[in-house]
Every structure is written in C-alpha cells, then in structure tokens.
Amino acid sequence: MSSLASRWWHDQVVYQIYPRSFADSNGDGIGDLPGITAKLDHLQALGVGIVWLSPVYRSPMADNGYDISDYRDIAPEFGTLADFDALVAALHARGMRLMMDLVVNHCSDRHAWFQQGRQSRDHPWHDHFIWGEPAADGGPPNNPPNNWEACFNGPAWSFNPPTGEYFLHLFSPQQPDLNWRSAALRAEVQDILRFWLARGVDGFRMDVINLIAKPWLADGTLPDAPVVQPGAVQPAFVMVVHGPQLMDHLREMRREVLAQHDLITVGETPLCTPAQAREITDPSTGALDMVFSFEHMDLDSQPGGGKWALKPLHLPDLKAVMQRWQDELGGAHGQGRGWNSLYLGNHDQPRIVSRWGDDGRWRVQSATAWASWLHGQQGTPYIYQGEELGMTNAPLASIDDCRDLESINHHRAAVLAGQNPAEVMRAIRAKGRDNARTPMQWDDSANAGFSTGTPWLPVQTNHREVNAAAARQDPGSVFHHYRQLIALRRQHAVWVFGRTVPLLAAHPHLAAYLRVWHDQRLLVLCNLSGEVQAVDLPAEAWPRQARLQLGNWADVDVAATSAPRSLRPWEARIYLGVGPLDAAPPAHSR
Ligand code: TEU
Ligand code: CA
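Everything quoted here is computed from the prediction, not taken from an experiment.

The rules behind each value
Residues numbered from 1 in each chain as written. Chains lettered and ligands numbered in written order. Predicted model: local features only at pLDDT ≥ 70, side-chain atom pairs only at ≥ 80, totals over all residues. Heavy atoms only, no water. Near = heavy atom within 4 Å. Polar contact = N/O pair within 3.5 Å; in protein donor to acceptor, adjacent residues only side chain to side chain. Areas by Shrake-Rupley, 256 points an atom, 1.4 Å probe, with all protein chains shown as cover. Nonpolar A, V, L, I, M, F, W, Y, C, P; charged D, E, K, R; others polar. Donors = N, O, S within 2.8 Å, 3.2 Å for Na, K, Ca; no water. Buried < 20%, exposed > 50% of the residue type's maximum accessible area, 1.4 Å probe, protein only. Core = buried A, V, L, I, M, F, W, Y, C linked by side-chain atoms within 4.5 Å. Contact = heavy atoms within 4.5 Å. Pairing = 2+ DSSP bridges. Helix = DSSP H or I, 4+ residues; strand = E, 2+ residues; numbered from the N terminus. Domains from an automatic or database assignment.

## Observations concerning the site of ligand 1
Here comes step 1: The environment of ligand 1 is made up of 20 residues, and the closest members are Asp 63, Asp 207, Lys 307, Asp 348 and Arg 433.
Here comes step 2: Contact between ligand 1 and Glu 268: an oxygen atom at 3.1 Å from a side-chain N or O atom of the residue.
Here comes step 3: Within the side chain of Lys 307, one N or O atom sits 2.3 Å away from an oxygen atom of ligand 1.
Here comes step 4: Protein burial of ligand 1: of its 480 Å² of free accessible surface, 95% is covered by the chains.
Here comes step 5: The residue inventory of the shell around ligand 1, partitioned by class, reads eight nonpolar, three polar and nine charged.

Spelled out as structure tokens, the structure:
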C-alpha cells in the first residue's frame, strides 16, 4: 500500500513513549532507554511504525524533561548517548523509525545559555532569552513588564537581580523562553536538529512550536493581555499563539535543515485554528507535516475557564470539531492540503477510557470504541503508551499522590484562593497529568514488570488484570483491536486518503462517518454510550457489498448484508464496501 502513500509515513501509526514511565532496566524506579530497547517486541507486535520519544535530554526534571539543560546529551537517569544510538539501531533494524521530541520554545534555567547569559546584559547568550524592564510602579519582584500569566500559575516573568530585569517564562520559572528574534539562537536550534539527524533520528515533535514568535511592539516591549479574569495576571497564550514571525521562523528551519531530509514532523500547537494549521502544514508553502490541535481536548472544560473548570462532553460538539478538522486538513475542500494528526491521549491528557469512556464495567468496549472512532479518520493516529491496553486514570487520593508541577502549583494556588480543596482534587483527578504518567503495565507481577525497584510514581493496582502480557493472550483485548486497526489502515487506500462524510451528526450518543475514495467506502459506526442505541442510517450511506472488517463485541454477525438496526453499549463496527465512483452521499444530520 505504501506505493500509494505520497509520504513514507502516510499509512503509519505513531506510538508515544514517556520514557520516565515506560520500562526501567536498572532498578532505580525510573524508566530508561535500555528499558525501551528491551520492549520493542511489544511495539512490533502492535504494528506501529514510528516511536515519538518524549524528551530524554539532560534536564533537572522540573517538568520531567520539558526543561532541557543540554540539548546534545542524554539525562543520566535515562542512560547515555550510546544507549540512544542502540535504541535507534534497534528500531531501524525492525523497520521502525524514531521521532524526537524537540523543546525549543524554552530551555531549562540550568542550561549554560541561561546560567551565563543572565549574568550580564552584554553576555552573548543574554540575547538568547526574553528580557523586560520592571514596570514603573511598585518594585521587584512585583512589577513585571506586563500582565501575562504563566501556564503553570503566577506571573510569566521572574526578576533577575544580576541585571535588574525580568525574564519571560510562559511555563515555569525553571523554563525561560528562548528569543527567536535572535539569529544566533535560531542557528543554535538548527545545529541541534542536525546533531540528532546525524544520529539517525527520522523526525521531530516540536513542543508548543506555535508560541515561539512573540508579538513584539515597535519599542521592543510585549503588550498586556486582555483582562478576562480577576487578579493581576491574565492568560498569555492568546497573545503568543501564531505570532507575526512564526512562519518565517518555521520556513527558515525547513529551508536550512528539515527539507534536506525525508522526515515526519509534527508541531504541538495550543489554540491553533484549522486555518493556522493549514498555513503551517501546507505541503508547498508550509513547514511541518502536521500539527497537534487542542480544540477537541478543550470540549470538557468550561469556555474560558481553563482545563480545571470541568464540564461534561457533549458528543455532537466533538463530532463537529472533528469534522471541521477533517474538512479543513483532510480534503473535503478539495485541495487535500495539509494533514491531520489524530489523538485522544498523551502525557498531558487524562486516560481516554476514564475521561470519556467507562473504566469500570465497559472498559474494553469503551476503549476500543473510542479507538475505532479515532483510527477510522483521515490523518496520522497517535497512540500514547498504555492506551493500547486500556490503561485507566490513576487513583489520586490526595495532592500528595501527584508529582506534576502543573497539578501541584494549581492545587496550591486554588486552595490559597479559597477554592474547596475537595473540588480542586476532583478536577485534578479528572484532568491531572499524573493520570497518564503511572508506569506502563507489562504483567501482573509486583510492579507490573515496570521496575524491580520502587517506581517514581506508584503502579496502578489494576495492573493485575490490565497488562500487556494478559492482553497479548486475549484475542478480544484492547491491544488486539488496536493491532487490527493499524493493520487495516495499511491495507486500504480509502483509510489513508478517503474524504470523511459525517453521518448522524446530531445524534447525542452515536458517532458515524463514511470515508470515500474513488469507489471505495469505509463506514465507521460507534455507540459512544453505555446504553443500547437504535441506528437509523440513511440508506445511501450503506456501502454496496459491505463487509464487516472489525467489531469490538465478540459475537457480531460478520455476514450481515444490511446496516445494523441497533448497537450495543460501546459497540463499534467498521465496514468496507464500494459505492458510486466519487459520488459521496450528502452529509446527514439525523
Ligand atoms: O505542553 C504544552 C501545553 O500547552 C501544556 O501546557 C498543556 O496544555 C497542558 O499541560 C494541559 O494540561 C507541552 C508539553 O507537552 C508539556 O508536557 C510541557 O509541560 C509544556 O509543553 C512545556 O514544555
Ligand atoms: Ca532506570
């Protein structure tokens, strides 16, 4: 099938590894590179073609590696450059590829650039960072240059006594933002890319890459953010997303480095719109192959309230967002320009089976129903470690069970502001990032086979039944459902290139769509609820010669020649068939 794919990765699925929690080879309770290399059989059996490796660079681990202190070395707790080279060789030997996580919107405050650059305004590395003069009123540290709020709470500026100025950090004070106006800094980033490409890396995931171009004013200052919440600081992302020079910087990166290689690249782009995504990923004028949008991940947060302001998901909202991205990036507009990434989980998001599925009675069915809904779409699916096992959210009994600075900072600030501690923990249990960072569950032994030592974050007790060894033995497991989805994608061009036609768009519990590619038809039907749902599919949506390819209930009628009249709780079905050449039925809102 890859002969049809215009890029080598078009029919492939990416698997994200969070190294700290994947596999520990030396018993220190922390996952590491040799541990990953030892587990490649699992990935090969699953059928994924590309591994996205979250940061393994040297780091003080304030943000578990998203705060890099040396871009050309490996964090000792993860291993050595030789261990990295061994992992790359082992992946390549299996025909698999490696996508490196690149964090260049900011570095660690322990990086030599910052340690030395902060000492003097004249130091050559001073300009690698973003500095601002104290505001006229008040005095340090309470008079930052503007009102921006950091993503991990508090002001986005910290005072630097050696030079009497503030430095910008959109995340934590341990993560000073890099100054992309500096040609010297941009040249450093290009050299970092070349360093890892020389070590055999096949692509990059670029952390918050749409934040790197700040909205500088003519006088070199950064304007205040609009006031949308009480208090002195205001959300800053809206000010920095897709800044004026962003495309210049990305096109320069592509011209100077990326275009010389046949890579897979994905930009992590908070608040990115489809139009911005098309600008970034346009095959001829863009710079990256795809982006991670966040619009669907914000649908269970109150508008403007941030991730901790919970609200139930309304499925038609999710279907509408998905369809817009399918249309804008997948080709209903005819151009077929750009490309979608498809994900429901990663190291920043809670486990999908707990978030929008049922991690109790219907854990397997709801995990595989969501997987069917996602993987049937146009774009590159991303599987986050443990998602293929139906791993669930962690039992975070109290804030003491959390290790993530985002949750810890939020808990402190919210309780200090008078919020009910029980309500604060309810939100952290639902959305905290530790949920997806508990150790990978390999088997039913003491630490789920993750470590012979004490894991840095406790292993979940449900590992006795939720683990890779058990899943591999069970043909009806979440693992084998993912394995079949991955295999099917590589067998049928409609799966990779087909246009997505929405069906039953307004239905509150059913998600359905038709993929159309020449005369090929792929029909995906999912009951995303715990109750039986009647199915009233428009006649013209049912493909001729339809044959069931994959279901998630054991006793489904594979010989059925007509559309099901109902779907059982969390039941998903995927059919292949044929239809009138390129004449897709109109979208249906029933
Ligand atoms: O995340 C970017 C980002 O927007 C996150 O703040 C995300 O919105 C939030 O964590 C949701 O809870 C990237 C990395 O994926 C994340 O792990 C890092 O903490 C962050 O950037 C800073 O590097
Ligand atoms: Ca280890």
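## Things to note about the coordination of the calcium ion (ligand 2)
Here comes step 1: Within the first shell, the calcium ion (ligand 2) binds the protein through Asp 24 (OD), Asn 26 (OD1), Asp 28 (OD), Ile 30 (O) and Asp 32 (OD), at distances of 2.3 Å.
Here comes step 2: Mapped onto the sequence, the residues coordinating the calcium ion (ligand 2) show the spacing D-x1-N-x1-D-x1-I-x1-D.
Here comes step 3: Taking the relative accessible area as the measure of exposure, Ile 30 reaches 14% and is therefore buried.

## So, the nonpolar core
Here comes step 1: Ranked by size, the top nonpolar core spans 138 residues in total, and within it Phe 84, Phe 204, Trp 370 and Trp 373 carry the most contacts.
Here comes step 2: With residues up to four places along the chain from it excluded, the contact list for Phe 84 reads Leu 33, Leu 53, Val 56, Ile 74, Leu 98, Met 100, Trp 196, Arg 199 and Val 201.
Here comes step 3: Counting 21 residues, the second largest nonpolar core, distinct from the first, contains Trp 157, Leu 170, Ala 225 and Val 240.

## Comments concerning the sheet that holds strand E9 (residues 165-168)
Here comes step 1: Strand order across the open sheet formed by three strands is E6-E9-E8, with antiparallel pairing between neighbours. Each edge of the open sheet carries a strand with a single partner, namely strand E6 (131-132) and strand E8 (157-160).
Here comes step 2: Across four bridges, E8 lies against E9 in antiparallel orientation. The residue of E9 that forms the bridge with Ser 158 is Phe 167.

## Regarding the domain arrangement of the protein
Here comes step 1: For the protein, the assigned domains read domain 1 (14-108 + 183-400 + 433-482), domain 2 (112-168), domain 3 (401-431) and domain 4 (499-578).
Here comes step 2: Centre-to-centre, using C-alpha coordinates, domain 2 lies 27 Å away from domain 3.

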